[in-house]
Amino acid sequence: MDGPIDDFLKALHAEISTIGEGAPASYIPELAKVDPKLCGIAIATVDGAVHVAGDWDRAFTIQSISKAFVYGHALEVHGRDRVLEQVGVEPSGDSFNSIALDTVNKRPFNPMVNSGAIATAELIEGADVEERRANLEAMFARFAGRALTLDEATYLSEKATGHRNRAIAWMMLSAGMIEREPEEVLDLYFRQCSYNVTARDLAIMGATLVNDGVNPVTGKRALDAEYCPDVLTVMLSCGMYNYAGQWAYEVGLPAKSGVSGGILAVIPGQAAVAIFSPPIDANGNSIRALAACKRIAERFGLHMFRTHPDPRTVIRYELDGRQVRSKRTRSLRELEILFRAGPRIRLLAVQDALYFGSVDRLLRRAKDLAAEADYLILDLRRVSHADAAARTLLAEFHTDMRRSGDKVIFANLEADGPLASLHAHLAETLGDLSRAVFDSRDRALEYCEDRLIAEVLPGGEMQTANVAEFELFRGLGADDLACLKAIAEPLSRPAGTVLAREGEEAARFFVIMRGSASVCAEVATPTGLKTVRFSVLGPGQSFGERALIGGGPRVADVVAESDVELLGFSLAAVEELAAQRPTILIRLLANISGELAERLQVASAEIRALEM
Ligand code: GLN
């Protein structure tokens, strides 16, 4: 189905097709034979979508656009230092086929002009001619996601007439910039320019460059991510030859053109646009493709300096330990402690991408809050990305803060989640993450609460429960309790045991005597199924008792978090008992309702806090 971008491309295609100026390049005789009316457009995105219009599937030779990809290959094989010895990164302001070298360094100015590209072609890896050709083809195939074919006629045509390039190669041999036999280097260069591509291929190749080197359609790596910015930089400063400055001013996107009429322009981190239309101007740039790029950039505000993220939205909301509580069910005594100590726990819900500007803002606020609190939880649930600056700054902040105790805690940070690289960086710089990183907000809150409770109740509350104090049995007389005890079945289960299973018919309810159990269920999230803990129960608390109200299948799993001791009560036995002592059932039902009402209140308060 066509969307707004497809419609826009169709209209753009019609609009630029009316431009009649310029003529196809003729200095390579074969190129002059092309139909000047051809015009194709394609946009490929980093998530692998491709939008097309016009003659997007017509093959044309890649020409100078190949220079960007061969440069990337050379960097990957030889490293930056070695490649820089042979070719600079200075815009020359000269035409693409200029015979000048940089007089200071005796190097070609940059890899986007012919001299630099010929020097770069010599760097294509391989022990012999055959291997170098094969490596060149393999490199193109990785970028395009399919094998590209050589246009023999264009290759032979350029080989027969490319005397100016010959002059450049021989001059570079004399300057010591190339070492191998010039004709052999030129042969590879003429070939690299003569591979057939379509606008669609080129768009995918460009999208690969802005997708950190991974082809978004095949999912396979074409270039080490390390070198993608190098290629994009020379594209921006030198890709359009002596029009590069004007281009950067007007369009503001890294781009590369070729004399066969192609222009590839890329939107860093997002997409690539490829346009093919043979008539070129005096600079060797396709006239319609130039116009199209300007229109696209203008229409969508794509100039690199026109769009930027806003660091001011990084803090979603702030809460303290009174407004938000872990899912662990607490005794009244513990609740009281937490209510008093609540403000000593602070939570910052962070959102959007983390980078230099947003992390700076986040950490300024975090520092203020940490000064007032004992625990500061940075909840990263809504953070999609943390770049290198963010990783460094967050690790440094944590290290700094550690000097005054384990204050700063990251929640919703997992080793295999979207912030895996942040997790890895923290593990590397902080070492032990057990008190610094939690996979959920709930676990982080529980940890902080436990520490606050332990200050007041070092031994913890109610290690072994006294049946008379059970919330479920509140208000029952000694006789009733004795009767209940008589039908109770003591059970012990190791940590990890599923004590009750979602969907299963309930025949019993349980009271925890020792240890803890969590109530959890799988919920669907955008990234797949996730186990969510709804509550954590401890000694004196019960589960499954709601079966007394109406029976029916269980609504969640209950899993032992530690080794547990339980008392099991069969529903049938309780009902039998109630037939003789009806007050037991009335009391139990009243206690269950009271408990439900209380939980509802806590849940409502939490929902209200999250509305912010
Ligand atoms: N093969 C062409 C040449 O060397 C490439 C030039 C270009 O596309 N600007 O002349």
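Above this text sits the structure in question.
Residues numbered from 1 in each chain as written. Predicted model: local features only at pLDDT ≥ 70, side-chain atom pairs only at ≥ 80, totals over all residues. Heavy atoms only, no water.

Right, let's talk about the sheet that holds strand β5 (residues 255–257) for a bit. As summarised here, the arrangement of the five strands in space is β2-β1-β7-β6-β5, forming an open sheet in which the pairing is antiparallel. In this open sheet, the two strands that pair with only one neighbour each are β2 (50–54) and β5. When strand polarity is set aside, the average angle formed by the axes of neighbouring strands in this sheet is 10°. Strand direction decides the pairing type here: β5 and strand β6 (residues 262–267), joined by three bridges, are antiparallel. Looking at β6, one finds that S257 is bridged to I263. (Pairing = 2+ DSSP bridges. Helix = DSSP H or I, 4+ residues; strand = E, 2+ residues; numbered from the N terminus. Axes fitted to C-alpha atoms, helices over the stretch in contact; angles between N-to-C directions.)

In this section: the pairing of strand β15 (residues 508–514). Burial analysis of β15 places five of its seven residues in the buried class, which makes it a mostly covered element. Judged from the six bridges that link them, β15 and strand β20 (residues 564–570) form a sheet pairing that is antiparallel. Note on β20: the bridge partner recorded for I512 is L566. Bridging between β15 and strand β18 (residues 542–543) involves two bridges; their strand directions are antiparallel. Among the inter-strand pairings, V511 is bridged to a residue of β18, identified as S542. (Buried < 20%, exposed > 50% of the residue type's maximum accessible area, 1.4 Å probe, protein only.)

We now examine the sheet that holds β20. The strand order across the open sheet built from four strands is β13-β20-β15-β18, with neighbouring strands paired in antiparallel fashion. Here the strands that pair on one side only, and so sit at the sheet edges, are β13 (489–493) and β18. Sitting on the sheet, helix α20 (residues 571–580) is in contact with β15 and β20, with an inclination near 55° to β20. (Contact = heavy atoms within 4.5 Å.)

Here we take up the site of the ligand. The environment of the ligand is made up of Y27, Q63, S64, F96, N114, E158, N165, Y189, C193, Y241, G258 and V259. One of the side-chain N or O atoms of E158 is found 2.7 Å from a nitrogen atom in the ligand. One of the side-chain nitrogen or oxygen atoms of N165 is found 2.9 Å away from an oxygen atom of the ligand. If the ligand stood free it would expose 300 Å²; the protein chains cover 100% of that surface. Classifying every residue of the shell around the ligand gives six nonpolar, five polar and one charged. (Near = heavy atom within 4 Å. Polar contact = N/O pair within 3.5 Å; in protein donor to acceptor, adjacent residues only side chain to side chain. Areas by Shrake-Rupley, 256 points an atom, 1.4 Å probe, with all protein chains shown as cover. Nonpolar A, V, L, I, M, F, W, Y, C, P; charged D, E, K, R; others polar.)

With that out of the way, let us pick up the packing of aromatic side chains. Using the criterion set out here, one finds 13 aromatic pairs in the structure. Geometrically, the ring pair formed by F60 and F276 is stacked, given 4.0 Å between the ring centres and 0° between the ring planes. Of this pair, F60 sits in strand β3 (residues 60–61) while F276 sits in strand β7 (residues 271–276); the two residues are 216 residues apart in sequence, bridging distant segments of the chain. Note on F69 and F143: the rings are 4.7 Å apart at their centroids and 65° apart in plane angle, and the pair reads as edge-to-face. Of this pair, F69 sits in helix α2 (residues 66–78) while F143 sits in helix α5 (residues 129–144), and the two are 74 residues apart along the sequence. (Phe/Tyr/Trp six-rings, centres within 6.5 Å; stacked < 30°, edge-to-face > 60°.)

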